[in-house]
Amino acid sequence: PGKMLRQYGRRGPDLYWFSEGFTEFVTHWLLEDSGIKPAGHLLRELTKAQQRLAVIAAPERYAILLQRFHRDAAANRQIYDRGFLLAARWDQQITCQSGGTRSLRDALRSLLTGDADSRAALDVQTIEPMLTKAGVVSFARDIDRYADHGEAPIVSEILTSQCRS
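Conventions and cut-offs
- Residues numbered from 1 in each chain as written.
- Predicted model: local features only at pLDDT ≥ 70, side-chain atom pairs only at ≥ 80, totals over all residues.
- Heavy atoms only, no water.
- Helix = DSSP H or I, 4+ residues; strand = E, 2+ residues; numbered from the N terminus.
- Buried < 20%, exposed > 50% of the residue type's maximum accessible area, 1.4 Å probe, protein only.
- Areas by Shrake-Rupley, 256 points an atom, 1.4 Å probe, with all protein chains shown as cover.
- Arc of directions from axis to C-beta.
- pLDDT = per-residue confidence, 0-100.
- Contact = heavy atoms within 4.5 Å.
- Expected span 1.5 Å × (residues − 1).
- Axes fitted to C-alpha atoms, helices over the stretch in contact; angles between N-to-C directions.
- Parallel < 35°, antiparallel > 145°, perpendicular 65-115°, else oblique.
- Left-handed = near helix turned anticlockwise from the far one by under 90°.
- Nonpolar A, V, L, I, M, F, W, Y, C, P; charged D, E, K, R; others polar.

A.B. asks: Which parts of the structure should I look at to understand the overall build of the chain?
C.D. replies: In terms of regular secondary structure, the chain is built from 11 helices and 0 strands. Taking all 165 residues of the chain together, 45% fall into the buried category. In the structure as shown, the chain presents an accessible area of about 8,600 Å², 53% of it carried by carbon and sulfur atoms.

What follows is the structure, encoded as structure tokens:
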């Protein structure tokens, strides 16, 4: 995701949850998928992220964390973790909506194949239709809850939920 945003000339603070958190998700996913890390690695990392967020008594809004992003490791980590868990949530939704034939990886690839106009202004308005088309069912609500307000999706619910028919 970070490379995609640089390609589009956009990697502003409003998308750190995407560029940083989704990069973390894809990194751990690929490490496990390639065999560099053992099976269960992604789940363990997601669980750690959830645990880090769970100990925060009063999560701060995203805009407040951004003010400290480059000078406060705890603020930085929260933004990574929020995006990381959101990526996992959306991966599960896409997988369920497609009957197991697609994943977040497929949706992210579609960012690379967009036309020149869509690449020129990558922002939430560009990402939303692509992810919604892929199978994300609650894009705006999820960004509000998980990226902006700091609720932490429950890892066990993300990765073990049954797809509803």
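Moving on from the model shown.
A.B. asks: Would you explain helix α9 (residues 124-134) in this entry?
C.D. replies: Where α9 is concerned, the buried positions are Thr126, Ile127, Met130, Leu131 and Ala134. Angularly, the buried residues of α9 cover 110 degrees about the axis, an arc narrow enough to put them on a single face. Set apart from the buried face of α9 by more than 90 degrees, the exposed residues are Gln125 and Lys133. Remark: Gly135 follows α9 within two positions and exhibits a positive phi of approximately 135 degrees.

A.B. asks: Teacher, can you tell me more about the confidence of the model for the chain here?
C.D. replies: Atom-level detail of predicted coordinates should not be read off regions where pLDDT is low. When pLDDT is averaged across the chain, the result is 80; 79% of the residues are at 70 or more. pLDDT under 50 marks residues 1-10. Its contacts with residues more than four places away, or in other chains, come to 29 contacts. Taken as a whole, residues 115-120 scores under 50 in pLDDT and shows 6 contacts with residues more than four places along the chain or in a different chain.

A.B. asks: Can you help me understand helix α4 (residues 41-54) in this one?
C.D. replies: Given 3.6 residues per turn, any residue in an α-helix points the same way as the ones three and four places further on. For α4, spanning 14 residues, the distance from its first C-alpha to its last is 20 Å, which sits close to the expected 20 Å at 1.5 Å a residue. Residues His41, Leu42, Glu45, Leu46, Ala49, Gln50 and Leu53 constitute the buried set of α4.

A.B. asks: So what exactly am I meant to see when it comes to the packing of α4 against helix α6 (residues 73-97) here?
C.D. replies: The geometry of a pair of packed helices is captured by two quantities: the angle between their axes and the separation between those axes. Taken N-terminus to C-terminus, the directions of α4 and α6 make an angle of 130 degrees; their axes are 9 Å apart at the nearest point. By the angle between their axes, α4 is oblique relative to α6. As for how α4 packs across α6, the hand of that crossing is left-handed. Contact residues: Leu42, Glu45, Leu46, Ala49, Gln50, Arg52 and Leu53 in α4; Arg77, Gln78, Asp81, Arg82, Phe84, Leu85 and Ala88 in α6.

A.B. asks: Help me understand the packing of α6 against helix α10 (residues 139-148) in this model?
C.D. replies: Packing of α6 against α10 leaves a shortest axis separation of 9 Å and a crossing angle of 150 degrees. As the angle between them shows, α6 and α10 are arranged roughly antiparallel. Once α6 is placed against α10, the crossing between them reads as right-handed. Here α6 contributes Arg82, Leu86, Arg89, Trp90 and Gln93 to the contact with α10, which in turn contributes Phe139, Arg141, Asp142, Ile143, Tyr146, Ala147 and Asp148. Partitioned by chemical class, the residues of the contact of α6 with α10 number 6 nonpolar, 1 polar and 5 charged.

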